[in-house]
Amino acid sequence: MSFGETPITLVGNLTDDPELKFTDSGTALAKFTIAVTPRTFDRTTSQWKDGTTAFYRCAAWRTLAEHIAESFGKGSRVVAAGRMRQHDWTNDQGEKRSMLAVEVDDIGASVRFTTVQIDGKRTNGPAAAGDPWNTGDNRPEPGNEPPF
């Protein structure tokens, strides 16, 4: 992240399945919206109350985009980290428009209200190449552990 960017972390639910597209050059792009609803406890009524829901339009690129499309669907509760970006354009009537969106750098499932299963399979990175620190399918056989 460069100087002057606005980092943001969102915890919320996907409003629909991620939309996976590919640019003309073949770069994957996932677009999705995360709904974030604050909840507060009202001590006078002893009940939880929902605040105003905010909807954040998000985008992710390349391998992350493909992983998002394969991993999450409508209603998935996620924790996403990224940065706010402003997009400016001129519409067909010549009016200037702008919007804020989140460019997601990393995302994961929230386990606050549910459990998830991680398959442990890596298709790239050091663990896929037999990294001894991997705790997935590449663990050494008993008796062949690293000497530390």
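Above this text you will find the structure in question.
Calculation criteria
Residues numbered from 1 in each chain as written. Predicted model: local features only at pLDDT ≥ 70, side-chain atom pairs only at ≥ 80, totals over all residues. Heavy atoms only, no water. Pairing = 2+ DSSP bridges. Helix = DSSP H or I, 4+ residues; strand = E, 2+ residues; numbered from the N terminus. Core = buried A, V, L, I, M, F, W, Y, C linked by side-chain atoms within 4.5 Å. Buried < 20%, exposed > 50% of the residue type's maximum accessible area, 1.4 Å probe, protein only. Contact = heavy atoms within 4.5 Å. Phe/Tyr/Trp six-rings, centres within 6.5 Å; stacked < 30°, edge-to-face > 60°. Salt bridge = Lys/Arg side-chain N within 4 Å of Asp/Glu carboxyl O.

Student: Would you mind showing me how to read the pairing of strand E7 (residues 77–90) here?
Tutor: Each regular strand carries side chains that alternate between the two faces of the sheet. Pairing geometry for strand E1 (residues 6–14) and E7, over 8 bridges, is antiparallel. Note that in E7 the partner of asparagine 13 across the bridge is arginine 77. Summarising the sheet, E7 and strand E8 (residues 96–109) pair through 13 bridges and their orientation is antiparallel. Within E8, the residue paired with arginine 85 across the bridge is alanine 101.

Student: Mind showing me how you'd approach the nonpolar core here?
Tutor: Note on soluble globular proteins: their nonpolar side chains tend to be buried together. If you look at the biggest cluster of nonpolar residues, it comprises 17 residues, and the most contacted ones within it are Phe32, Ile34, Cys58, Val104 and Ile107. Secondary-structure elements contributing two or more residues to this core are E1, strand E3 (28–36), strand E6 (54–61), helix H1 (62–71), E7 and E8. With 4 residues, E3 is the single largest residue contributor to this core. Excluding residues within four positions of it along the chain, isoleucine 34 makes contact with Leu10, Gly12, Asn13, Leu14, Ala54, Phe55, Tyr56, Cys58, Val78 and Ala80.

Student: Which parts of the structure should I look at to understand the packing of aromatic side chains?
Tutor: In this description, a pair of aromatic rings is defined by centroid distance and the angle of the planes. For the structure shown, the criterion picks out 1 aromatic pair. Judged by centre distance (5.3 Å) and plane angle (65°), the ring pair of phenylalanine 41 and tryptophan 48 falls under edge-to-face. Take tryptophan 48: its relative accessible area is 51%, and that puts it in the exposed class.

Student: Looking at this structure, how should I read the pattern of salt bridges?
Tutor: Pairing between side chains becomes possible if they bear opposite charge and their charged atoms approach one another. As enumerated under the stated definition, the model contains 9 salt bridges in all. Among the ionic pairs, lysine 21 bridges to glutamate 19, the shortest N-O distance being 3.3 Å. Assessed through its relative accessible area of 36%, glutamate 19 is described here as partly exposed.

Student: What's the story with the pairing of strand E5 (residues 47–50) in this structure? I'm lost.
Tutor: Of the pairings in the sheet, the one linking strand E4 (residues 39–42) to E5 comprises 4 bridges and is antiparallel in character. Opposite phenylalanine 41, over in E5, you have tryptophan 48 as the bridge partner. Counting the residues in the hairpin turn of E4 and E5 gives 4 residues, including serine 46, whose phi is positive at 55°.

Student: Would you mind going over unusual backbone geometry with me for this structure?
Tutor: Keep in mind that most residues, glycine aside, have a negative phi and that most peptide bonds are trans. For serine 46, which is not glycine, the phi torsion reads 55° and is therefore positive. Phi is positive for arginine 62, close to 60°, though the residue is something other than glycine. Its location among the elements puts arginine 62 in helix H1. What makes arginine 62 exposed here is its relative accessible area of 54%.

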